[in-house]
Amino acid sequence: MRVLIKNGTVVNADGMAKQDLLIQSGIIREIADHITPELPCEIIDAEGCYVMPGGVDVHTHFNIDTGMARSCDDFFTGTRAAACGGTTTIIDHMGFGPAGCKLHHQLEVYHGYAAHKAVIDYSFHGVIQHINHAILDEIPMMVDAGISSFKLYLTYQYKLNDDEVLQALQHLHRAGALTTVHPENDAAIARKRIEFLAAGKTAPKYHALSRPAECEAEAVSRMINLAALSGNAPLYIVHLSNELGLDFLRLAKSRQQPVWIETCPQYLLLDDRCYEQEDGLKYIMSPPLRNAHNKDALWCGISDGAIDVVATDHCAFSMAQRQQLSGGNFSRCPGGLPGVENRLLLLFSEGVLGGRITPERFVALTSANPAKLFGLWPQKGLLAPGADGDVVVIDPRATTTIRHADLHDNADYSPWEGFVCQGAIRHTLSHGRVIFSDGVFSGIAGQGRFLRRKPFSTLNNSSSRKAASSRIPGA
């Protein structure tokens, strides 16, 4: 199979130029100012469009069972939506397993969830829900199985205390794994929730008020210090939502501590006024939406390079599920938002065409940086000979109004309903196969491949195109 993308502007994190791009047998074979195919091939005319690496979303929750409810997107509907939004790789945060289970238990479960359903390539983050000698001894085996990042929770059912976090950080660092953390101060949240519920304050806005920015920022600061105490273990903070936490992380970065920051479109484009709406239950998530000041601070982090990754935290529960389970009480509402289909276009519209970031910075945030951090570079996140033929073509001249009726997830609403985006996703290619084109999805369940990710190394972030070129077929 040969595909030639002509006349577009090819964009990588380190530069862009008007060039043609040839994909053969699923791998990028050539990029040049002008390519004349020697053999018959499918030609895509990208005149006036940006040709970018397919998106890498490193924070999704497909088919997750929270104990309260199961999310409504499985690995088919979730990856279908991702593909239609220009994302060609996801790394899913596995949910908790039974109490006391081994790390491999959830890995086997999730392999079963994804194997015959995923439309695009995928991997998983390990989840550590308790600490003992057996769990710590199992970490290197998980890394050998291609799982080179693990998530710790400082809140929820299987939260870890500081001693357990220290042990996890030390062993993950030693095994070549990146520690990712959901940082919120569980005790403070629990106290505030009890006070609100005792006073009969159950409306959606009290969800946000029970989880103030200080609860998140305190946990961020604590994790930074615990990581430093663990031999400068590498640390990745997921879904950052507030300025104070960003300030702590900037300080750590200024001290050359290996920390990286992820945020999500909802924290850049929505705010806590959503909880005052009649349908405020739609926006229950943790951490919650913040005020406009925090949005502005995060945009500064996006623009100046402090924030490394924009992911989605896609975790879709239908409005019907939310209403039935909660009865209007925020404390009983499952949390999370759909959005895997909208990440690239929202950031492209508000970031690139909004004048906040360059096209190159867009690629860094949405594909190159996550690929480097999570052991996928230079196979993913890069358009260069030898890299996978994962491509998104974005037309900056078009206008797209987001309507859930046009989306491809399995939720019954979109938090982005009615948003008008400058730009449109024209084509998505996975391994050189067109799986979305001008509004038409053509992917097939089971086409996606499980990616065994490389162990974490800071060297991943300085990998060169030379490494990719060594994989050119026939080279």
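About the cut-offs
Residues numbered from 1 in each chain as written. Predicted model: local features only at pLDDT ≥ 70, side-chain atom pairs only at ≥ 80, totals over all residues. Heavy atoms only, no water. Core = buried A, V, L, I, M, F, W, Y, C linked by side-chain atoms within 4.5 Å. Buried < 20%, exposed > 50% of the residue type's maximum accessible area, 1.4 Å probe, protein only. Contact = heavy atoms within 4.5 Å. Salt bridge = Lys/Arg side-chain N within 4 Å of Asp/Glu carboxyl O. Helix = DSSP H or I, 4+ residues; strand = E, 2+ residues; numbered from the N terminus. 1 Å grid on protein atoms, 1.4 Å probe; cavity = no way out; pocket = protein on both sides within 12 Å on 5 of 7 lines; lining within 4 Å. Points joined across faces, edges and corners; volume = space filled by probe spheres on them. Nonpolar A, V, L, I, M, F, W, Y, C, P; charged D, E, K, R; others polar. Polar contact = N/O pair within 3.5 Å; in protein donor to acceptor, adjacent residues only side chain to side chain. Pairing = 2+ DSSP bridges. Right-handed = clockwise from strand over helix to strand, strands pointing away.

Enquirer: Can you help me understand the nonpolar core in this one?
Expert: Across soluble globular proteins, nonpolar side chains have a tendency to be buried as a group. Residues Met52, Phe124, Ile128, Ile139, Phe150, Tyr236 and Phe362 are the most contacted members of the largest nonpolar core, which totals 126 residues. Those residues in contact with phenylalanine 362 that lie beyond four places of it in its chain are Met52, Leu344, Leu347, Phe348, Val352, Ile357 and Ile394.

Enquirer: Looking at this model, I keep getting lost on the pattern of salt bridges. Mind explaining?
Expert: Inspection of the entire model under this criterion finds 22 salt bridges. Ionic pairing is found between arginine 222 and glutamate 218, a salt bridge with its closest N-O pair at 3.0 Å. On the criterion of helical spacing, the pair formed by arginine 222 and glutamate 218 is a turn pair, its members being four residues apart in helix H7 (residues 213–229). For glutamate 218, a relative accessible area of 32% puts it in the partly exposed group. Each of Asp121, Lys380, Asp388 and Asp390 takes part in one network of salt bridges that share partners.

Enquirer: Please clarify how the side chain of serine 318 should be interpreted in this entry.
Expert: You can see serine 318 is positioned in the loop between strand E13 (309–310) and helix H11 (319–326). Beyond its immediate sequence surroundings of up to four residues, serine 318 is in contact with Cys72 and Asp412.

Enquirer: Could you clarify how one ought to interpret unusual backbone geometry in this entry?
Expert: Apart from glycine, the bulk of residues carry a negative phi angle, and the bulk of peptide bonds sit in the trans form. Proline 287 follows serine 286 through a cis peptide bond whose omega is -5°. With an omega dihedral of 0°, the bond running from tryptophan 377 to proline 378 counts as a cis peptide bond. The phi angle at asparagine 232 is positive, at roughly 60°, despite the residue not being glycine. Within the secondary structure, asparagine 232 sits in the loop between H7 and strand E11 (235–237).

Enquirer: What is the right way to read empty space enclosed by the protein from this model?
Expert: Inspection of the entire model under this criterion finds two cavities of 30 Å³ or more. For the largest cavity, the calculated volume is near 50 Å³. Considered class by class, the residues forming the lining of the largest cavity number five nonpolar, three polar and one charged. Every residue along the wall of the second largest cavity is listed here: Pro53, Gly54, Val56, Thr88, Gln379, Lys380, Gly381, Leu382, Asp388 and Asp390. Tallied by class, residues from the lining of the second largest cavity come to three nonpolar, four polar and three charged.

Enquirer: I'm lost on the environment of aspartate 304 in this one. Help?
Expert: Residue placement: aspartate 304 occurs in helix H10 (residues 292–304). Classification of aspartate 304 as partly exposed rests on a relative accessible area of 47%.

Enquirer: Would you mind showing me how to read helix H1 (residues 75–84) here?
Expert: Burial within H1 is extensive, with eight of its 10 residues counted as buried. On its buried face, H1 is in contact with strand E7 (87–93), helix H2 (103–114), strand E8 (121–127), strand E15 (420–430), strand E16 (433–437) and strand E17 (440–441). With a side-chain oxygen lying 2.9 Å from the backbone nitrogen of phenylalanine 76, the N-terminal cap of H1 falls on aspartate 74. Remark: glycine 86 follows H1 within two positions and exhibits a positive phi of approximately 90°.

Enquirer: Looking at this structure, how should I read the pairing of strand E12 (residues 259–263)?
Expert: Strand residues, when the strand is regular, have side chains that alternate between the two faces of the sheet. Of all five residues that make up E12, five are buried, and the element is covered over most of its length. Residues Val259, Ile261 and Thr263 point to one face of E12 and Trp260 and Glu262 to the other, with burial holding for every one of them. The pairing of E11 with E12 spans three bridges and is parallel. By the bridge assignment for E12, isoleucine 237 is matched with isoleucine 261. In this region the chain leaves E11, passes through helix H8 (residues 243–254) and returns to the parallel neighbour E12; the handedness of that crossover is right-handed. With two bridges connecting them, E12 and E13 associate as parallel partners.

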